[in-house]
Amino acid sequence: MTQLALVIDLNVCVGCHACVTSCKEWNTSGVAGYLSDDRPYGEDPTGTFFNRVQTFEVGEYPNCETVHFPKSCLHCEDPPCVPVCPTGASYKRPEDGIVLVDYDKCIGCKYCAWACPYGVREIDTHQKVMKKCTLCIDRIYDEALPVSERKPACVLACPTSARLFGDIHDPDSNVSVAIREEGGYALMPEWGTKPANHYLPRRKTRIRIHEDELVRSDNPLKKERERPVGPVREQTLDDVTSW
Amino acid sequence: MIVLTTLIGVGQGLFLALYAGEWYMRIHSGLRDSGEFYVTASVLSVGLLIAGLVASFFHLGRPERAWRSAAQWKTSWLSREVIVLPIVVALVALYGAAHYVASSPDIAPWLVQRYWTLWIGGVATAAVLTLFLCTAMIYACIRFLQEWATPLTVFNYTLLGSASGFTLATALAQHYAAEMTLFFGVWAVVVTLVALATRVASLIRNTRSRRKSTLQTATGVKHQHITQRSQGLMGGSFNTREFFHSASPAWLQRLMWLFLLLVFPVPILLIVAGLSVKMTGILTAAFVAQYIGLLAERWFFFAQAQHPQNLYYQTMG
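Keep in mind that what you see is a predicted model, and the values were worked out from it rather than measured.

## Details of the overall build of chain A
Secondary structure summary: chain A contains eight helices and 11 strands in total. In terms of overall dimensions, chain A is more spread out than a globule: its C-alpha atoms have a radius of gyration of 27 Å, far above the 18 Å expected for 243 residues. Each of the three principal axes of chain A carries a C-alpha extent, and together these read 100 × 45 × 40 Å. Restricting to contacts in chain A with at least 6 residues of sequence separation, those with at least 24 account for 57%. Looking at chain A, you have 29 positive and 36 negative side-chain charges, and the mean spots of the two groups are 1 Å apart.

## Here's the deal with the overall build of chain B
Tallying secondary structure elements over chain B gives 11 helices and one strand in all. For chain B, the α and β elements follow one another from N to C terminus as α-α-α-α-α-α-α-β-α-α-α-α. Taken along the three principal axes of its C-alpha coordinates, chain B extends 75 × 45 × 30 Å. Among the 317 residues that make up chain B, the fraction classed as buried is 55%. For chain B, the share of sequence-separated contacts (at least 6 apart) that also reach a separation of at least 24 residues comes to 80%. Put simply, chain B shows about 14,000 Å² of open surface, and 70% of that area lies on carbon and sulfur atoms. Computed over 21 positive and 10 negative side-chain charges, the inter-centroid distance for chain B is 19 Å.

## Concerning the pattern of salt bridges
All names here are of chain A. The tally for this structure, following the rule as stated, stands at 18 salt bridges over all chains. Its salt-bridge partner being Asp9, residue Arg203 comes within 3.1 Å of it at the nearest N-O pair. With Arg203 in the loop between β11 (198-200) and α7 (221-224) and Asp9 in strand β1 (residues 4-9), the pair connects residues that are 194 residues apart, well separated along the chain. For Arg203, a relative accessible area of 27% corresponds to the partly exposed category. For Asp124, the salt bridge is made with Lys131, and the minimal N-O distance between the two is 3.3 Å. Like Lys131, Asp124 is buried. Each of the salt bridges in this network shares a partner with another, and the network as a whole consists of Asp9, Glu182 and Arg203.

## Quick word on the side chain of Thr158 of chain B
Take Thr158 of chain B: it is sitting in helix α5 (residues 151-176). Those residues within four positions of Thr158 of chain B in sequence are excluded, and the remaining contacts are Leu129 and Phe132 of chain B.

## Considering the layout of surface pockets
Here the largest pocket defines a volume of roughly 860 Å³. The wall of the largest pocket is formed by 36 residues, among which Cys109 of chain A together with Met1, His59, Tyr139 and Phe302 of chain B lie closest to the centre. Counting residues per element, the lining of the largest pocket draws most heavily on helix α3 (residues 77-103) of chain B, which supplies five residues. Of the residues assigned to the lining of the largest pocket, the class counts are 26 nonpolar, six polar and four charged. Of the pockets and cavities examined, the second largest pocket occupies roughly 530 Å³.

## Thoughts on the packing of helix α1 (residues 2-28) of chain B against α5 of chain B
Residues and elements named next belong to chain B. Running from N to C, α1 and α5 cross one another at 60 degrees; their axes reach a closest spacing of 6 Å. The interaxial crossing formed by α1 with α5 has right-handed handedness. Residues Thr5, Gly9, Val10, Gly13, Leu14, Leu16, Ala17 and Ala20 of α1 lie in contact with α5, whose contacting residues are Tyr157, Gly161, Ser162, Ser164, Gly165, Phe166, Leu168, Ala169 and Leu172. Each residue belonging to the contact of α1 with α5 can be placed in one class, and the counts come to 10 nonpolar, seven polar and no charged.

## Digging into the sheet that holds strand β1 (residues 226-230) of chain B
On the basis of which strands lie adjacent, the open sheet formed by three strands has the order β5(A)-β4(A)-β1(B) and antiparallel pairing. Where the open sheet ends on each side, the last strands, each with one partner, are β5 (63-72) of chain A together with β1 of chain B. The average undirected angle you get between the axes of adjacent strands in this sheet is 30 degrees. Bridge count between strand β4 (residues 51-60) of chain A and β1 of chain B: four bridges; the pairing is antiparallel. Opposite Phe56 of chain A, over in β1 of chain B, you have Gln228 of chain B as the bridge partner.

## Topic: the interface of chain B and chain A
On the side of chain A, 57 residues touch chain B, which itself brings 57 residues to the contact. When the area that chain B buries against chain A is broken down by residue, the three leading residues are Phe144, Phe238 and Tyr312 of chain B, summing to 14%. Residue Glu242 of chain B pairs with Lys110 of chain A through a salt bridge whose shortest N-O separation is 3.6 Å. Listed by contribution, the elements that provide at least two residues to the side of chain B that touches chain A are α3, α4 (116-140), α7 (215-219), β1 and α8 (238-242) of chain B. By residue number, the principal contributor to the side of chain B that touches chain A is β1 of chain B, which donates five residues. Its residues assigned to classes, the side of chain B that touches chain A comprises 24 nonpolar, 25 polar and eight charged.

## Points about the nonpolar core
Core analysis: the biggest nonpolar cluster contains 152 residues, and Tyr118 of chain A together with Phe37, Phe184 and Tyr312 of chain B have the highest contact counts within it. A total of 13 residues in this core trace back to one element, the largest contributor, which is α4 of chain B. Discounting chain neighbours no more than four positions away, the residues touching Tyr312 of chain B are Gln54, Phe56, Phe69, Lys71, Pro117, Tyr118, Leu187 and Met188 of chain A together with Ala218, Gln228 and Gln231 of chain B. By size, the runner-up hydrophobic cluster in this structure holds eight residues, among which are Ala5, Ala178, Ala196 and Leu200 of chain A.

## A word on the packing of aromatic side chains
For the coordinates displayed, the defined rule picks out 28 aromatic pairs over all chains. Residues Phe69 of chain A and Tyr312 of chain B carry aromatic rings whose centres are separated by 6.1 Å and whose planes lie at 20 degrees to one another, so their mutual orientation is stacked. A residue pair is termed interchain when its members come from two chains, as with Phe69 of chain A in strand β5 and Tyr312 of chain B in the segment after α11 (280-304). For the pair Phe69 of chain A and Tyr312 of chain B, a shared accessibility class is recorded, and that class is buried.

## A closer look at the pairing of β1 of chain A
Residues in a regular strand point their side chains to alternate faces of the sheet. Residues and elements named next belong to chain A. Counting buried positions along β1 gives six out of six residues, so the element sits mostly inside the fold. Taking every second residue as pointing to the same face, both faces of β1 are buried, with Leu4, Leu6 and Ile8 on one and Ala5, Val7 and Asp9 on the other. Both β1 and β11 contribute to a ladder of three bridges, which runs parallel. Of the residues in β11, the one forming a bridge with Val7 is His198.

Thresholds, definitions, all that
- Residues numbered from 1 in each chain as written.
- Chains lettered and ligands numbered in written order.
- Predicted model: local features only at pLDDT ≥ 70, side-chain atom pairs only at ≥ 80, totals over all residues.
- Heavy atoms only, no water.
- Helix = DSSP H or I, 4+ residues; strand = E, 2+ residues; numbered from the N terminus.
- Rg over C-alpha atoms; globule rule 2.2 N^0.38 Å.
- Contact = heavy atoms within 4.5 Å.
- Lys, Arg positive; Asp, Glu negative; His and termini not counted.
- Charge placed at Lys NZ, Arg CZ, Asp CG, Glu CD.
- Buried < 20%, exposed > 50% of the residue type's maximum accessible area, 1.4 Å probe, protein only.
- Areas by Shrake-Rupley, 256 points an atom, 1.4 Å probe, with all protein chains shown as cover.
- Salt bridge = Lys/Arg side-chain N within 4 Å of Asp/Glu carboxyl O.
- 1 Å grid on protein atoms, 1.4 Å probe; cavity = no way out; pocket = protein on both sides within 12 Å on 5 of 7 lines; lining within 4 Å.
- Points joined across faces, edges and corners; volume = space filled by probe spheres on them.
- Nonpolar A, V, L, I, M, F, W, Y, C, P; charged D, E, K, R; others polar.
- Axes fitted to C-alpha atoms, helices over the stretch in contact; angles between N-to-C directions.
- Left-handed = near helix turned anticlockwise from the far one by under 90°.
- Pairing = 2+ DSSP bridges.
- Buried area = accessible area lost by both parts, 1.4 Å probe.
- Core = buried A, V, L, I, M, F, W, Y, C linked by side-chain atoms within 4.5 Å.
- Phe/Tyr/Trp six-rings, centres within 6.5 Å; stacked < 30°, edge-to-face > 60°.

So this is what it looks like as structure tokens:
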């Protein structure tokens, strides 16, 4: 079993929206059909996107930090949006675990959007069908592309490599290793949807120094003050060696 | 959705009332010449169900593909509803036709006074109850919409639909079959009172429930103080339009009291008044008030659901 997924490293995401624009650029001209925009330069712009970068402030000034949070379909292993679909337009591919919408079967009833707790499905107001991230299914299997480019557009566009792409069911894949070793977690675990996409948390590198490490403890008396004059007259080890 | 669920609710309730009334009449006084009443009420019930079906097409993006929605009956309650609704329409129509034939001896004398209507009605009753279950489960099966994910949703849909159907049957009976008015009126009041109990129970449940999803679980960041600064868009999106209503909490509160008044005490008083002075107009007013109240009730039901996705869409900018 294969379950393709993204792993998003919140520690390095800088919130540049390159993944958003590259996703839109690739998919609006890909098999998903165009992702319609209305009034893009007008007063009340709106449009269909597969991927959004949101920004959260954690803590209160001055003890706060900004977390940029890219959000697209999590390709749940138990997707709540799939069983509710009355037509079968929404489905999960058994071979690679990608959750897709068949745009020719979708009736635009929006039930799947209501059944997704993450809000990653958006209806296209012009084609009147539900649209969502395809993990760039028309890129990742395209043998005309060099192997290094058979990745979702967002992954290739990320300037900080905050997005990893791979099979989370393969324990040795880059994504599985990242999830296992860097504390990868799933969103809203309380609903049992088992999202395939994972997030890597913010991590701080801190050096831990104990107080006794700030003073010499191995032989403090050699330098800090004069050698004690003791009853021993012959040479000690300290008299003949130094390190 | 509001119009669909309330209209088919009345249609189903009206049929349940009819069928219950037929049993009552057969047990107590034999089926008298009230064929016109059964036929009219069945036609009305079918009309309401079809009107609901038509209303449901308006919320589809691609109504021309609606036929596909019967495909996933194994997993989807919406698909099941799409299948059961036409079955109910057909069975109620058949029930009305059977009464028409039974009340016109010159068409088919061998059918008169048989129990065919009871058999057809029995099957139709099962279908109507299944339809109530399907409609309510569409909402109740989404486990993270905590306001809906309760068996009370099923009880409310069934009882509120039945209450409005019995109220309508009371008004119709006053005009077409006066001997059944008291039966329908009393049961309309009883069903309305039971519906009041379950609806208030769900209101209490929802004010007490604790949100399972928070910004902490939505982002995976463990901090008591997380504020959204941007949702990744400057204008609106599907997510900001579909899952939010612009009503203020105070307005919602007023709407709740409005529907609690219009669905429960007002029709009960009007039914009691209408029964005592035997006026179709007052009984019709009872139904109209209850139906308007049900529209408000359904609007409130949809508005009360707090979708977890809203956690990601709190602040523009």
